[in-house]
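Below, each chain spelled out in residue letters.
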Amino acid sequence: MSRPLRDLPKAHLHLHFTGSMRHSTLIELAKDQGLHLPDALAEDWPPRLRATDAKGWFRFQRLYDIGRSALRTSGHVRRLLREAAEDEVAEGSGWLEIQVDPSGYAHRFGGLTATLELFLDAARLAAEQTGIGIGLIVGANRTKHPLEAKTLARLAVQYLDHGVVGFGLSNDERRGRARDFDGAFRIAHRAGLLTAPHGGELAGPYSIEECLDDLHADRIGHGVRVHESARLMRRLADREITCEVCPLSNVALGVFERPEDVPLRMLFDAGVPVALGADDPLLFGSRLLDQYELARNVYGFSDAELAELARMSIRASAAPTELRRELLAGVDAWLTGGA
Ligand SMILES: [Zn+2]
């Protein structure tokens, strides 16, 4: 009998706010508000996606926007974060970093600052109610103007000691070069925010290099296509830059055809730090625990290796020192506790 993976303490570092919504909650909110959902988000859920071309990515974004449009009140925001926290606790997460671009909601909740404060307040409440630690990563959108990202970085810095732990960059890598956002990341990095831009998902190793060279990345969102360059894998390993690998997201979006094609084992064996993440359960139909199950069942990770995956997620997190120590001790206990 192998050890239950839900009992393995871990940190979840790659989860988007809207994408964390339970599908059942989307159905309920849509019904309450008379919002029509396309089949891909209703009876045909989870949607069959493909983001290897611009059209496919657009469809993914469109479904994402529909999910966002169902969140209309502060009560909805609080509910979403509470449920996300409950789901994390049920899967053994002791620390969650949730990524949000407040500008996507600002028109609904009274501007950027008020929106970020609403998210932070909801995250604090969810943490109190469930016992998990939660940090917010403010994510800029790379398809928008770099000046907007700078505004967001300045805002994120103001809340550095009030729940914001990091600064990110998301959306289609083919449409916005990482290096164009160097000004925003300089602001975040200098103030001491952890920097975690997306890279090496839809685009190849060059996009990861830009994250390292131009954005001072502490971690890379996905980064999975680093496997195309042995030299870059060595660089990430040497500098201990963690890749937030989300295997089932990669498969859902067609970055890799099949789960067995995701090079998690290759990265792990090359010494690249890896933190498993779920990305957008609302659109991919899988959560964090599914990624760990995959590591065990498809990539053949032993319990000792799974424990190391969990440790890497905790070490790369922005969790407070005391919580990290506690979670790491929990990982050891899980492993020595035996099967
Ligand atoms: Zn992501």
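Residues numbered from 1 in each chain as written. Predicted model: local features only at pLDDT ≥ 70, side-chain atom pairs only at ≥ 80, totals over all residues. Heavy atoms only, no water.

Attention now goes to the packing of aromatic side chains. Tallying each qualifying case throughout the model produces nine aromatic pairs. Among the aromatic side chains, those forming a connected cluster through ring pairs are Phe17, Tyr105, Phe109 and Phe119. Sitting over the face of the ring of Trp334, Arg3 holds its NZ or CZ atom 5.8 Å from the ring centroid. (Phe/Tyr/Trp six-rings, centres within 6.5 Å; stacked < 30°, edge-to-face > 60°. Lys NZ or Arg CZ within 6 Å of the ring centre and 35° of its normal.)

Here we take up the side chain of Gln291. Turning to its location among the elements, Gln291 is positioned in helix 12 (residues 288-297). A distance of 3.1 Å separates the side chain of Gln291 from the backbone nitrogen of Leu248, its partner in a polar contact. Setting aside anything within four residues of it in sequence, one finds Gln291 in contact with Cys246, Pro247, Leu248, Leu276, Gly277, Ala278 and Ser286. (Helix = DSSP H or I, 4+ residues; strand = E, 2+ residues; numbered from the N terminus. Polar contact = N/O pair within 3.5 Å; in protein donor to acceptor, adjacent residues only side chain to side chain. Contact = heavy atoms within 4.5 Å.)

This part is about the coordination of the zinc ion. Taken together, His14 (NE2), His16 (NE2), His198 (NE2) and Asp279 (OD) make up the full set of protein donors to the zinc ion, lying 2.1 to 2.3 Å away. Angles of 83 to 173° at the metal separate the four donor atoms of the zinc ion, which places the site in the irregular class. Judged by its relative accessible area of 1%, His14 falls in the buried class. Accessibility expressed as a relative area gives 4% for His198, which makes it buried. (Donors = N, O, S within 2.8 Å, 3.2 Å for Na, K, Ca; no water. Tetrahedral: all angles 85-135°; square planar, octahedral: opposite > 155°, others 65-115°. Buried < 20%, exposed > 50% of the residue type's maximum accessible area, 1.4 Å probe, protein only.)

Let us look at the sheet that holds strand 8 (residues 274-276). In space, the eight strands of this open sheet follow the order 1-2-3-4-5-6-7-8, with parallel pairing throughout. Strands at the two margins of the open sheet, each flanked by one partner only, are strand 1 (10-16) and strand 8. Taking the axes of each pair of neighbouring strands and ignoring which way they run, one obtains an average angle of 25° across the sheet. Across three bridges, the pairing between strand 6 (residues 219-222) and strand 7 (residues 242-245) is parallel. Bridge pairing links Ile220 to Cys243 in strand 7. (Pairing = 2+ DSSP bridges. Axes fitted to C-alpha atoms, helices over the stretch in contact; angles between N-to-C directions.)

For the rest of this paragraph, the subject is helix 14 (residues 321-336). An ideal rise of 1.5 Å per residue puts 22 Å on 16 residues; helix 14 measures up with 23 Å between its terminal C-alpha atoms. Residues Leu323, Leu327, Val331 and Trp334 constitute the buried set of helix 14. Along helix 14, the residues classed as buried sweep out an arc of 80° about the axis, all on the same side. Among the exposed residues of helix 14, those pointing more than 90 degrees away from its buried face are Thr321, Glu322, Arg325, Glu326 and Thr336. In this structure, the buried side of helix 14 is in contact with strand 2 (93-100), strand 3 (133-141), helix 12 and helix 13 (303-315). (Expected span 1.5 Å × (residues − 1). Arc of directions from axis to C-beta.)

Further remarks concern the side chain of Glu88. Tracing the backbone shows Glu88 in helix 3 (residues 74-90). Not counting residues up to four positions away in its chain, the partners in contact with Glu88 are His12, Leu15, Ser93, Leu96, Ile132, Arg287 and Leu288.

Let us look at the environment of Leu294. Positionally, Leu294 belongs in helix 12. If sequence neighbours within four positions are ignored, Leu294 has contacts with Pro247, Leu248, Pro259 and Tyr299.

Attention now goes to the nonpolar core. Grouped together as the largest cluster of nonpolar side chains are 112 residues, with contacts concentrated most on Phe17, Phe167, Tyr292, Leu306 and Leu309. Counting residues per element, this core draws most heavily on helix 4 (residues 112-130), at eight residues. Discounting residues that sit within four places of it in the chain, Leu306 has contacts with Leu5, Leu8, Tyr292, Ala295, Arg296, Phe301 and Trp334. (Core = buried A, V, L, I, M, F, W, Y, C linked by side-chain atoms within 4.5 Å.)

Coordinates in, geometry out; function isn't part of it.
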